[in-house]
Amino acid sequence: MALLQPFLSHSPPLSFSLPKPTPLSLVSLSQSLKPPHKLLTQTWRDSIRCCAIAEIRDGVSLGGEDQGVLVDPSSQEEVRGERHVAEYDWKEEWYPLYLTKDIPEDAPMGLTVFDKQLVLYRDGKDLLQCYEDRCPHRLAKLSEGQLVDGRLECLYHGWQFEGEGKCVKIPQLPADAKIPRSACVKTYEVKDSQGVVWVWMSHRTPPNPDKLPWFENFARPGFRDTSTIHELPYDHSILLENLMDPAHVPISHDRTDWSAKREDAQPLCFKVTERTDRGFAGWWGREKDESLLNFLRFEAPCVLQNNREIVDKNGEKHYFTGLFLCRPSGQGKSMLIVRFGSTKRSPIAKLFPEWYFHQNAGKVFEQDMGFLSSQNEILMKEKVPTKELYLNLRSSDTWVAEYRRWMDKVGHGMPYHFGHSTISLPQQPAVVEHAPAGLVAGLSASSPAKGGIGTMHAPNPANRYFRHVVHCKGCRSVVKAFQAWKNVFFTLALASTALAILVTGRQWKALLLVGTALSLAGMYACSTVVAMNTTNFVRIHRRL
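Quick summary incoming for the structure in this document. No experiment lies behind these values; they were computed from the predicted model shown.

1. Things to note about the sheet that holds strand S15 (residues 279-286)
Reasoning step 1: Strands sit in the order S13-S19-S18-S17-S16-S15-S14 across an open sheet of 7 strands; the sheet is antiparallel. Because the sheet does not close on itself, it has two edges, and the strands there are strand S13 (224-232) and strand S14 (268-276). Sheet twist, expressed as the average angle between the axes of neighbouring strands with direction ignored, equals 15 degrees.
Reasoning step 2: Where S13 and strand S19 (residues 334-342) come together, 9 bridges link them in antiparallel fashion. Directly across from Arg224, in S19, lies its bridge partner Ser342.
Reasoning step 3: Where helix H4 (residues 236-243) meets the sheet, its contacts fall on S13, strand S16 (294-299), strand S17 (303-311), strand S18 (317-328) and S19, and the angle it forms with S18 comes to roughly 160 degrees.
Reasoning step 4: Where helix H7 (residues 398-410) meets the sheet, it contacts S14, S15 and S16, and its direction lies at approximately 20 degrees from that of S14.

2. A look at the side chain of Ser193
Reasoning step 1: Looking at the element boundaries, Ser193 is found in strand S11 (residues 189-193).
Reasoning step 2: Here Ser193 falls in the buried class, since its relative accessible area comes to 11%.
Reasoning step 3: Excluding residues within four positions of it along the chain, Ser193 makes contact with Trp198, Leu212, Pro213 and Trp214.

3. Quick look at the packing of H4 against helix H6 (residues 354-382)
Reasoning step 1: Viewed as axis vectors pointing N to C, H4 and H6 meet at an angle of 135 degrees, and their least axial separation amounts to 10 Å. Judged by the angle between their axes, H4 and H6 are oblique. With respect to the hand of their crossing, H4 and H6 are arranged in right-handed fashion. Along its contact with H4, which presents Ile238, Glu241 and Asn242, the element H6 presents Asp368, Leu372, Gln375, Asn376 and Leu379.
Reasoning step 2: Taken together, the residues that form the contact of H4 with H6 break down as 3 nonpolar, 3 polar and 2 charged.

What counts as what
- Residues numbered from 1 in each chain as written.
- Predicted model: local features only at pLDDT ≥ 70, side-chain atom pairs only at ≥ 80, totals over all residues.
- Heavy atoms only, no water.
- Pairing = 2+ DSSP bridges.
- Helix = DSSP H or I, 4+ residues; strand = E, 2+ residues; numbered from the N terminus.
- Axes fitted to C-alpha atoms, helices over the stretch in contact; angles between N-to-C directions.
- Contact = heavy atoms within 4.5 Å.
- Buried < 20%, exposed > 50% of the residue type's maximum accessible area, 1.4 Å probe, protein only.
- Parallel < 35°, antiparallel > 145°, perpendicular 65-115°, else oblique.
- Left-handed = near helix turned anticlockwise from the far one by under 90°.
- Nonpolar A, V, L, I, M, F, W, Y, C, P; charged D, E, K, R; others polar.

Below, the structure is given as structure tokens:
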């Protein structure tokens, strides 16, 4: 992520040094653990690989040149081929659903966590309610419904629900009949914490408040952040990999925000300080800095943060955080909440409107989208753990290796996972969403609960409007406002041109033509802003 570039900048060093890793001699050990037929299979595999990695077996470097370059096993258990399995149930976790400020007030919205479909809405008391996204009548999606007097109405037959999922109205029921007790919907516990709505997915275990994430820097006095939300067309584990990979930033995001530069690509240093059943943490920085300035923490199920502390020339300490909340939203799909903030904001950043940072974030994701989508496709096609596919370098991919090894511990408790040494493929087929509700239903509620008409509004994860704008109240308002101003400038241009033709005085003609030119310039500016918010980034290094 180019958004991580602030964590690669210079600052006063901390009193941290990176110990030199002790090389592991694993040649004889790895060979002794393998049966003869597996050695033959491995030899055949090695023969079709390039010479640079011909002696890599099971993700362990065997050649003298490779040793010290590739990521080493994290424990003696891994060296022996053993695996630690942690107790884990993906449902007994809090998942980030949405930014509180972007939840529509006049419509329900459909969301997913893995393969579980949910509907979220604000009721008549301004309380957030979350149900299973299906009507108990005939399984219609409640997220395609509408809000009537604070109640959620299914638009198929008009059944209405409120509070704890109780059905309060069935239009087709006789006047003297009672609503069946079974006509209710399954509910989920939700919490609004630090500007994010979280959902507890388990019905068997009560919500655990200790597992609800709390971010210390966001509670500090003077801390301000810019938050965006994005829907992305690849698995959340691939997204997390990408976000914890600072090494790709100078190359993939070269000059995206005037700070990432490909000539800054260099070796990085990492020091893992924590490994638990719920994640890992550690320090990282540039090798040439000789100090580890950034602290990364990953916490189950899908929370990643990069923190940094900088002391200015006056001795005042400032805090910077890059927070990534990655919700698994189905096979090959994820929803990301990005929050960058600090206790000291750059004066230059204050000159730009918030939508500018939102569209720049969209550009960053589009720069990586081709790589990550193909990565997702290969993992599904190859059906083998990542150690059989990845070549993780110690100087760039330490966090990626740590994350996949963590999945080895807990993947058995997920619907599917791609670990370092283990893998479990999805059992359920991927859900493909079709076109949004029809014209009348679409107009009855606001985005993002409903789609719209036209290609810009089509539910296409390759389209920036669908990935971000429909989820962001601020950017939707910006697009609508500039579209309206574009029409105003167009009308003014037509009017001033017509008047310039009709009037006879040269001064009036000149003045009106200047007005036409200014109106056309205004149209162009408005079109540019709309395009910046809705048009995908396209790399120009290729020549067709």
